[in-house]
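# Architecture at a glance
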Amino acid sequence: MGPDEAQQRMAELAKEIHYHNHRYYVLSNPEISDFEFDMMLRELQDLEAQYPLFADPDSPTKRVGGDITHKFEKVKHRWPMMSLSNTYSKEEVVDWEARIKKTLEDEVVYACELKYDGVAIGCTYRNGRLVQALTRGDGTTGENISTNVKTIRSVPLVLKGDDVPEEFEVRGEIYFPFDAFEALNARREEQGEPVFANPRNTASGTLKLQDSSVVAERGLDCFMYQVLGERLPFQTHEENFEYARKLGFKVPSRADKMFTLCRNIDEIMEFVAYWDQHRTSLPFAIDGVVIKVNDYRQQEELGFTAKSPRWAIAYKFKAEKVPTILEDVLYQVGRTGAITPVAKLRPVLLAGTVVKRASLHNADQIAKLDLRIGDRVFVEKGGEIIPKVVGVDLDGRKEIETIPLEYITHCPECGTELVRNEGEAQHFCPNAEGCPPQIVGRMQHFIGRKAMNIEGLGEETIEQLYSAGLISNPADLYGLTKEQLLPLERMATKSVENLLAGLEASKEVPYERVLFALGIRYVGETVARKLARAFPDVDKLKEASIEQLVEVNEIGERIAQSVVEYFGNEQNLQMVRRLREKGLNFESAEDALPVSEKLKGTTFVISGVFQKHSRDKLKQMIEQHGGKNVGSISAKTTHVLAGDNMGPAKRNKAADLGIPLISENEFLEMIGE
Ligand code: IVH
């Protein structure tokens, strides 16, 4: 075949494959066999290898991935990506409708669809081709994960039809279908790797993988729910779906009952009830339904609050609950020594995944449920990853065979007698220095993403290094050498280099995060930040008394006590000294220090979207100049810092209370910038 012929054949093949890909992955209605499809794909791959210059960047062969992204670029959303307000009852839907009726005079039609439990995505198409796919991020700025999204077969790379707008964005939800998720876990189990707990988090993690060929293998899927652009040829949400469908997107339809139009609350509630009952038969997870005003002109009239559109709400389902048998109770020891009882269950299918363990919280919870081994218990999966035991089937219990559970008195890991402080629900193992899961847990906390975020070093490696006798506290990490690491299993030269480089890089982590990384009890991220501001270096903090500590806004007795105790311990002091010698930051950088007292006595509410600085940065600036941030407007508020898209409710409230609204520029003037 000559070059001209090859080029033509490649274009033909690409078109054919796009077509059959759409039939298979979007319409679930293939016309040809998998074998025929694979043959075409292979022919195209071969031609592309032979004539790389003719290879289309949006070729269907791209679906198998291969491109590596080292760092996902941050990109500002053209339209902010907002969230939905939630409701849980018919009454709340009634209230919502009543609010709508106050604004709108004409009749309202409601579009109802599923609320997919996945990860939001915004895809930009230019001249019919996918050019960018952004995560939600903070709603204003997302991360460009295009290379990974391009491997998802139901997301078109090239649109169907000739009449496509020059540029537009389509938004939807990427999710992990249950069967693909179970298959992934089966593969992992086989290879001795830990299994993933839940499809949504795994979808989110998968989209952040650097190697797109791994993403391609996992089988993610995507439903679209919104087309955004200028002068688009439709006027209702229903037409928006039809439009997206014609372009080749996967959207819900009335035929499969995944979408419907309703004229009143009763019809809406019928849709809700139907899906609450039938959701378990779907091949993917949903956590509710979304109700939207169908007419776009009406949507526009209703507008947005600071966070969400007024023309839509999410009706969230109550968590799913299933019965199973309690086989045993195990006890886990956390990094702070806290004991968590965990139920070992007869495996049961819950919200699409097999559940074998569930949290039992603490001794009181077990006593309250009057749990016994062999009981039939009810397990529920809420928003969190670990399911929980929420009830016992007392009627089903055969009394004679069961004895009440006795809570352990000694640590299952190190044998030390447990303590329980007054007023606390949890038992503790006090052997902080000698109890292995506590030692390991502290180091794992230290390297965590929100703490030192050490690249190239994971939780398993910490366990491995501890077992090998190389480390027993965070300071030991910084003394590791190539010679010590190379002989270990799974430690190739490259991974050793990455690990050491990661440790070196962590010396740049700011003081407030180092403080959080230490794992002082009750000192979470926010508290660490407050402490770092009030005591800008660790020596000042070390010497602080309880009285001085509680003077800091929002630091109470309990936290103060814990900080004093931490620095009263010689081993901790020694570790801090060593970490400091290794070059970690134990003082606040200039730009985090208090700057002035210009805003002393002020209380700010920040609302909307800003041009020059992120909301976090603005909050930081307010605090650096002696002001205070709060979440909602009250009589105590002195200023409302108002950005774009600020909701009228807040505006009205500020006006009612006579609180001045100031713009970003006015604010910057106030602090002299
Ligand atoms: S419409 C302005 N429709 O839920 C927001 N969102 O809490 C318009 N979601 O971030 C969103 N299914 O990721 C919409 N059918 C659906 C949805 C849906 C899931 C997610 C979406 C959004 C979050 C809102």
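Structure first, text after, so check above.
This write-up is about the structure you can find in this document. Note that the coordinates shown come from a computational prediction; the quantities given were computed from them, not determined experimentally. (Residues numbered from 1 in each chain as written. Predicted model: local features only at pLDDT ≥ 70, side-chain atom pairs only at ≥ 80, totals over all residues. Heavy atoms only, no water.)

## Overview of the overall build of the protein
A tally of helices and strands in the protein yields 25 helices and 20 strands. In terms of overall dimensions, the protein is globule-like: its C-alpha atoms have a radius of gyration of 28 Å, near the 26 Å expected for 673 residues. If one aligns the C-alpha atoms of the protein with their principal axes, the spans along those axes are about 75 × 65 × 65 Å. For the protein, with 673 residues in total, the buried portion stands at 47%. If you sum the accessible surface of the protein, you get close to 34,300 Å²; carbon and sulfur atoms cover 48% of it. (Helix = DSSP H or I, 4+ residues; strand = E, 2+ residues; numbered from the N terminus. Rg over C-alpha atoms; globule rule 2.2 N^0.38 Å. Buried < 20%, exposed > 50% of the residue type's maximum accessible area, 1.4 Å probe, protein only. Areas by Shrake-Rupley, 256 points an atom, 1.4 Å probe, with all protein chains shown as cover.)

## Here we look at the pattern of salt bridges
Inspection of every chain in the model, using the stated rule, returns 40 salt bridges. Residues joined by salt bridges that share partners form a network here, namely Asp 56, Asp 58, Arg 129 and Lys 150. (Salt bridge = Lys/Arg side-chain N within 4 Å of Asp/Glu carboxyl O.)

## Let's talk about the sheet that holds strand 10 (residues 286-293)
Backbone-to-backbone hydrogen bonds join strands into a sheet, with any given pair of strands oriented parallel or antiparallel. If you trace the five strands from one edge of the open sheet to the other, you get 2-11-10-3-9, paired in mixed fashion. Looking at strand neighbours, the two that pair on one side only are strand 2 (85-87) and strand 9 (259-262), the edges of this open sheet. Direction aside, neighbouring strands of the sheet carry axes that sit 30° apart on average. Across five bridges, strand 10 lies against strand 11 (residues 312-316) in antiparallel orientation. (Pairing = 2+ DSSP bridges. Axes fitted to C-alpha atoms, helices over the stretch in contact; angles between N-to-C directions.)

## Structural notes on the environment of Ser 506
Relative to the helices and strands, Ser 506 is located in the loop between helix 16 (493-505) and helix 17 (511-517). Assessed through its relative accessible area of 2%, Ser 506 is described here as buried. Dropping the residues within four chain positions of it, Ser 506 is found in contact with Met 452, Ile 454 and Tyr 478. Separated by 2.6 Å, the side chain of Ser 506 and the backbone oxygen of Leu 503 make a polar contact. (Contact = heavy atoms within 4.5 Å. Polar contact = N/O pair within 3.5 Å; in protein donor to acceptor, adjacent residues only side chain to side chain.)

## Side note on the site of the ligand
Around the ligand sit 13 residues, and of these Glu 113, Leu 114, Lys 115, Glu 173 and Lys 292 come closest. In the environment of the ligand, an oxygen atom lies 3.1 Å from a nitrogen or oxygen atom belonging to the backbone of Leu 84. The contact in question runs from a nitrogen atom of the ligand to an N or O atom on the backbone of Leu 114, over 2.9 Å. Coverage of the ligand by the protein amounts to 91% of the 510 Å² it exposes when considered alone. Elements with a minimum of two residues in the shell around the ligand: strand 3 (110-116) and strand 10. Counting residues per element, the shell around the ligand draws most heavily on strand 3, which supplies four residues. Grouping the constituent residues of the shell around the ligand by class yields eight nonpolar, one polar and four charged. (Near = heavy atom within 4 Å. Nonpolar A, V, L, I, M, F, W, Y, C, P; charged D, E, K, R; others polar.)

## Section: helix 5 (residues 178-190)
With 13 residues, helix 5 extends 18 Å from end C-alpha to end C-alpha; this agrees with the ideal 18 Å at 1.5 Å per step. The set of residues buried in helix 5 consists of Phe 178, Ala 180, Phe 181, Leu 184, Asn 185 and Arg 188. All buried residues of helix 5 fall inside an arc of 165° around its axis, so they share one side. Residues of helix 5 that are exposed and point over 90 degrees away from its buried face: Asp 179 and Glu 190. Looking one or two places after helix 5, you find Gly 192, whose phi comes out positive at around 70°. (Expected span 1.5 Å × (residues − 1). Arc of directions from axis to C-beta.)

## Comments concerning the environment of Val 419
Mapped onto the elements, Val 419 comes out in the loop between strand 16 (388-392) and helix 12 (436-447). Judged by its relative accessible area of 36%, Val 419 falls in the partly exposed class. The spatial distance from the C-alpha of Val 419 to the C-alpha of Thr 481 is 39 Å, given a sequence separation of 62 residues. Residues in contact with Val 419, not counting those within four places in the same chain, are Gln 426, His 427, Phe 428 and Pro 430.

## Some points on the pairing of strand 15 (residues 376-381)
Alternating residues of strand 15 divide into Val 377, Val 379 and Lys 381, all buried, and Arg 376, Phe 378 and Glu 380, none buried. Examined bridge by bridge, strand 12 (residues 320-333) and strand 15 share six bridges and lie antiparallel to one another. The residue of strand 15 that forms the bridge with Val 322 is Val 379. Sheet topology note: the strand 15/strand 16 ladder contains four bridges and is antiparallel. Its bridge partner lying in strand 16, Val 377 is registered against Val 392.

## Here's the deal with the packing of helix 12 against helix 13 (residues 459-467)
Interaxial distance between helix 12 and helix 13 falls to 9 Å at its minimum, and their mutual angle equals 135°. As judged from the angle between their axes, helix 12 and helix 13 are oblique. Handedness of the helix 12/helix 13 crossing: right-handed. Between helix 12, through Pro 436, Ile 439, Val 440, Met 443, Gln 444 and Ile 447, and helix 13, the contact on the second element is made entirely by Glu 459, Ile 462, Glu 463 and Tyr 466. Tallied by class, the residues present in the contact of helix 12 with helix 13 amount to seven nonpolar, one polar and two charged. (Parallel < 35°, antiparallel > 145°, perpendicular 65-115°, else oblique. Left-handed = near helix turned anticlockwise from the far one by under 90°.)

Honestly, that's just the spatial picture; any functional story needs more than this.
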